[in-house]
Each structure stands twice: as structure tokens, then as C-alpha cells.
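Listed below are the residues making up each chain.
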Amino acid sequence: MENTRTGITLRVDGEQRSLRVDNRTTLLDALREQLGVTSPKKGCDHGQCGSCTVLLDGRRATTCLTFAVAQDGADIVTAAGLSEGDELHPMQEAFLERDGFQCGYCTPGQVCSAVGMLDEAKAGHPSHVTADLTAEPELTDDEIRERMSGNLCRCAAYPNILAAIRAAAAP
Amino acid sequence: MIPFEYRRAATTQDAVATVSARPDAAYLGGGTNLVDHMKLGVIGPRLLVDVSRLPLADVEETAEGGLRIGAAVRNSDLAAHPVVRSRYPALSRALLAGASGQLRNLATTAGNLLQRTRCPYFQDVTTPCNKREPGTGCSAIGGYVRYHAILGASQQCVATHPSDMAVAMTMLDARVVVQDADGTKRIPIADFYRLPGDRPELDTVLSHGQLITAVELPAPPAGARSTYRKVRDRASYAFALVSVAAELVLDSGEISSARVALGGVAHKPWRARQAEAALEGAEASDETFVRAAGAELAHARPLDGNEFKVELAQRTLAATLRSLTEEARR
């Protein structure tokens, strides 16, 4: 069989990276195994835990259910790339201040998901718990919980994660 | 996973021609279901034709007052679209009830329609499954059936269709726009999905190479109220045990039109024609709703282990109709 490997370019945390992938490689494995970008974590590897979440072309997405080859040319921001040098992103600061992690395994995915979620809410996107679909959603605790439901934390740091996101969301 | 070739389709014609010519090829949209199935060994295409970047990501109002949704529109974008939120709230709610924020950002409209059952035996290649491997038997019958069918199943297969979006689209009389080598055709969604019968491996009437390019929704009737209600084992991010998409038009206390579809109960999104017949022309009352739900579920044949779903479906259906009526009276 021919052409089962492909040369691709990804922009990862601001840096252009070229690599050759077996077409079977997920974006998650390409980042971690080939590019050494270990901020996105491999949890369930089936889209159910959210620990591999990054900002993909500006929107939060799991990286375990997409092939790297299908993301040729994509712009990827991982939790590690959110900071500007030594200056942490406000969401990262909030997670630190509120102790929004325990083992830390789910944290990069939680942080990326939270950043993406706030952008979605700012754009007026409703959620499953939004009462009035046509109104501007208000970011209540229930809204934050629902919007973050794709990210699991088995240490159950949820109350602190919620507090961190609430703090980061406040103007 | 079997090695495969990857091609990014340049045009829909190119995509259709390429996949049609190769029995071992498959279309790739958002990938959230397909990639998972390839990892699990449920399927093993030798060529993926990526259609996610084709110019099929527009949502446009149609001349007849309806909506045309491109096949590559992301679930999150469709749920948030102003016209969907205001005129098709059941669709918006159904989309928002499905998966998670990061999956909805990847998943596409066509991919959602074509997602396959979450029956654990279908996904586990070490167990017999007529849907995955015809003729091997059904492991679900006599097994774990909490999420399985109570309507329209066969001795060959008791799996349910997992999509929330498709349930709302079934209620809304959507048409699936399909392209193949012969041109474009429109398939009413009621004719699009199949019951398992003795060919459970076929979820839809699509043949190999046919590509979904759009979904069209007719205009909702004037004065219609619609919603989507989903019952699941946890409050969020789980598949439906039972779901209901319903729309009512009330005319001074009487139901002038009703459209209802159920999810989580059958091999396909289940259009509740018996319930609709019992509703239309009747008084919008609790008694009517309970009778309509009873009429639909009278045909239920639960399995050993999911008997609870019959009453759950009846109650969820009646409760959904009740909430629509209360909303109309406010």
C-alpha cells in the first residue's frame, strides 16, 4: 500500500512545526510522541475525558479523535502555550489561586476548555441549561458546570475548578 | 489500525467519484465517531476522503421560508445559529444535549446523522454482533440492554440510534440532500433511516459513495412551539435513555397540529405517528397527552432488562407536551 504517510505542518504554540506522520496518528499522538508537546494529556483516548483538549484554530477541541493528517495547516494552542513567556494566562493564574487541580493530569485540558468556553459564552452561544435560547446567556455556576462537562477530573477538584473559572470570567 | 491513504477532497464531485470507485474508502468529516471506530477495529477503510473542508459549511434561509444546513456545519455553530435558536428551538436544544463542547466543535451535521450505535457489543470486536459482522448473532439480546430498543427491533438487532440532532430533524420533517454520480436527490428523513430487520448492518438507505451535502428544514408552522427533552443516567454528557422532540400548534385550547419524535427507543429516530394522530384535533389537556403517549408506546416490545423504558418514554412524552402547553399559556 502506498501513501499511508503524509508530510504536514502544524503551528503549535506559535511555532511552525513540520513533520511526517503515519496517517493513523491522532493529533494527540503527533503532538506528544513526535513533537514532544506533552501539555495535552492522553486520558481515555476516546473523547470522553477531555484531558487532551487544545484550542484548535481558536476553538476548544479534543485531539484524540482527529487524525493529525486531517489537521494539516492548523493553528494549535496548548495549555502550555497560553502563557506569554513567564506571564501566566489569567485562567492559569485563577487555577493556581483557587487550587483548581489536585493530581494535575486533567488540568491542561480543563484550562484550554475553560478558555474556549468563555469565548463561546462571550459570543452568546447557549448551552443545554440556558433557559432562554434567544437571550444573552448569563454565566451562572450551572452554566459553567454544563459547559465544562466534557472535562472529567477523577480527583474531584470540581469546586475549585468552578471557582477558578468564575474568577477568570469576572471582568 | 489498518494503514490507510488520506486525501483531502477538492470538490464534492471529486469526493463522490473517489469514494464510489473504491469499495474500501470512507468519507471523513469531523471524525469524532469514525476515528474512534477505526481505533476500536470496528471498521478498517483503506482510504479516507476528507470532506470536512468542502464549501458545505453554510446555513442559509431558503426561498420557501425554511433552512438549508450544509453538511460540514459544526454542531456547535448550528446550535448557536440565530435562526435555529429562534425558529427551530427543538433542534438547538437537541444539539446542545449531545456530547460535549469540544466534541460539538468538531462534529459535523452529516457526520452526526451518520453516527453509529453506541451498543457496547457493536463497539467490542471480541463479541458477536450482526450489525458489525452480519450473521454472527446479537450479544445484546440476553445481555446488557439498558440503552437498547423497545420499538421496531428485530431478532437480529436491538441497537438504538444515538443521535439527538437526528431526532429533532425527524420531528421537523427534514430532507437529507444527497449527491452521487447521477446527481442530487432529496430523501425525506422518515425514509432515510432503516429498521434493523434482517439487515441490521445498514443504518440508512445510502449506498456506498453517496455523499450527504446538506439537510433542508421546511418552515415550521405558524404559531408552533417546539422543544427537546432528554432523559439520561447523568445530568450531562451521556446518551439518551429516552428523548422527545415535540412541536405543538394550539388554537384556543385545541391542538391544530402536532409533530413528535422519540430518541433512544429504536434503531432509528422514531417518528411518533400514533401519538400525533391522538393529539391532532384534541383538547390540549393532560388526559390527551397521556392518551397520546399510551397510544404510541402500546406497540413497545421491551427486552428483558429495559422494561422501565416504556413507562419512562410515556411519561417523558406527556411531560414534554405539558411543558409546551404551559409555555403557550404564559
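Residues numbered from 1 in each chain as written. Chains lettered and ligands numbered in written order. Predicted model: local features only at pLDDT ≥ 70, side-chain atom pairs only at ≥ 80, totals over all residues. Heavy atoms only, no water.

Focus: helix α5 (residues 158-169) of chain A
Residue and element names in this part refer to chain A.
- For α5, spanning twelve residues, the distance from its first C-alpha to its last is 16 Å, which sits close to the expected 16 Å at 1.5 Å a residue.
- Taken as a whole, α5 has its buried residues at Ile161, Leu162, Ala163, Ala164 and Ile165.
- Residues of α5 that are buried make contact with α2 (90-97), α3 (107-122) and α4 (141-147). (Helix = DSSP H or I, 4+ residues; strand = E, 2+ residues; numbered from the N terminus. Expected span 1.5 Å × (residues − 1). Buried < 20%, exposed > 50% of the residue type's maximum accessible area, 1.4 Å probe, protein only. Contact = heavy atoms within 4.5 Å.)

Section: the UniProt feature "domain: FAD-binding PCMH-type" (unreviewed entry) in chain B
- Here, the residues flagged by UniProt with the feature "domain: FAD-binding PCMH-type" (unreviewed entry) are residues 1-222 of chain B.
- In the segment residues 1-222 of chain B, helix accounts for 28% and strand for 17%; the C-alpha atoms at its two ends are 51 Å apart. (UniProt positions renumbered as here; feature names shortened; annotations may be inferred.)

Considerations on the side chain of B:Ser52
Residues and elements named next belong to chain B.
- Along the chain, Ser52 falls in the loop between β3 (47-50) and β4 (59-61).
- Taking relative accessible area as the criterion, Ser52 reaches 13% and is therefore assigned buried.
- A polar contact of 2.6 Å, which involves the side chain of Ser52, links it to the side chain of Asp50.
- Once you skip the residues sitting within four places of it in the chain, Ser52 turns out to touch Leu28, Gly29, Ala72 and Arg74. (Polar contact = N/O pair within 3.5 Å; in protein donor to acceptor, adjacent residues only side chain to side chain.)

Focus: the interface of chain A and chain B
- Across the contact, 43 residues belong to chain A and 42 residues belong to chain B.
- When chain A packs against chain B, the two sides together hide about 3,500 Å² of surface, and 54% of this comes from carbon and sulfur.
- For the chain A face of the interface with chain B, the top three residues by lost area are A:Leu65, A:Phe67 and A:Leu133, together amounting to 20%.
- Seen at the junction of chain A and chain B, the total is two salt bridges.
- Of the charged contacts, one joins B:Lys39 and A:Asp45 as a salt bridge, the two residues approaching to 2.9 Å between their closest N and O atoms.
- On the surface where chain A and chain B come into contact, there are 23 residue pairs in polar contact (both at pLDDT 80 or more).
- At the level of secondary structure, the elements contributing two or more residues to the side of chain A that touches chain B comprise β4 (59-61) and α3 of chain A. (Buried area = accessible area lost by both parts, 1.4 Å probe. Salt bridge = Lys/Arg side-chain N within 4 Å of Asp/Glu carboxyl O.)

Observations concerning the confidence of the model for chain B
- Per-residue confidence for chain B gives a mean pLDDT of 97; residues scoring 70 or more make up 100%.
- Here the predicted complex scores 0.98 on pTM and 0.98 on ipTM. (pLDDT = per-residue confidence, 0-100.)

Looking at the packing of α2(A) against α5(A)
Residue and element names in this part refer to chain A.
- α5 packs onto α2 with a crossing angle of 140° between their chain directions and a minimal axis gap of 8 Å. Relative to α5, the element α2 lies oblique. You can see that α2 and α5 cross each other, and the crossing is right-handed. Contacts between α2 and α5 involve Pro90, Met91, Ala94 and Phe95 on the former and, on the latter, Ile161, Ala164, Ile165 and Ala168.
- Grouping the constituent residues of the contact of α2 with α5 by class yields eight nonpolar, no polar and no charged. (Axes fitted to C-alpha atoms, helices over the stretch in contact; angles between N-to-C directions. Parallel < 35°, antiparallel > 145°, perpendicular 65-115°, else oblique. Left-handed = near helix turned anticlockwise from the far one by under 90°. Nonpolar A, V, L, I, M, F, W, Y, C, P; charged D, E, K, R; others polar.)

A word on unusual backbone geometry
- We note that A:Asp13 has phi near 50°; this positive angle belongs to a residue other than glycine.
- Judged by its relative accessible area of 31%, A:Asp13 falls in the partly exposed class.

Focus on the domain arrangement of chain A
Residue and element names in this part refer to chain A.
- Looking at the assigned domains, one finds that chain A contains domain 1 (5-77) and domain 2 (90-169).
- Spacing between the C-alpha centres of domain 1 and domain 2 amounts to 22 Å.
- Residue-level contacts link 13 residues of domain 1 with 14 residues of domain 2.
- Taking both partners together, domain 1 and domain 2 bury about 1,100 Å²; carbon and sulfur atoms supply 51% of that area.
- Our count for the contact surface shared by domain 1 and domain 2 stands at one salt bridge.
- Glu120 serves as the salt-bridge partner of Arg60, at 2.8 Å between the closest nitrogen and oxygen.
- One can count seven residue pairs in polar contact (both at pLDDT 80 or more) joining domain 1 with domain 2.
- Split by residue class, the side of domain 1 that touches domain 2 holds four nonpolar, six polar and three charged. (Domains from an automatic or database assignment.)

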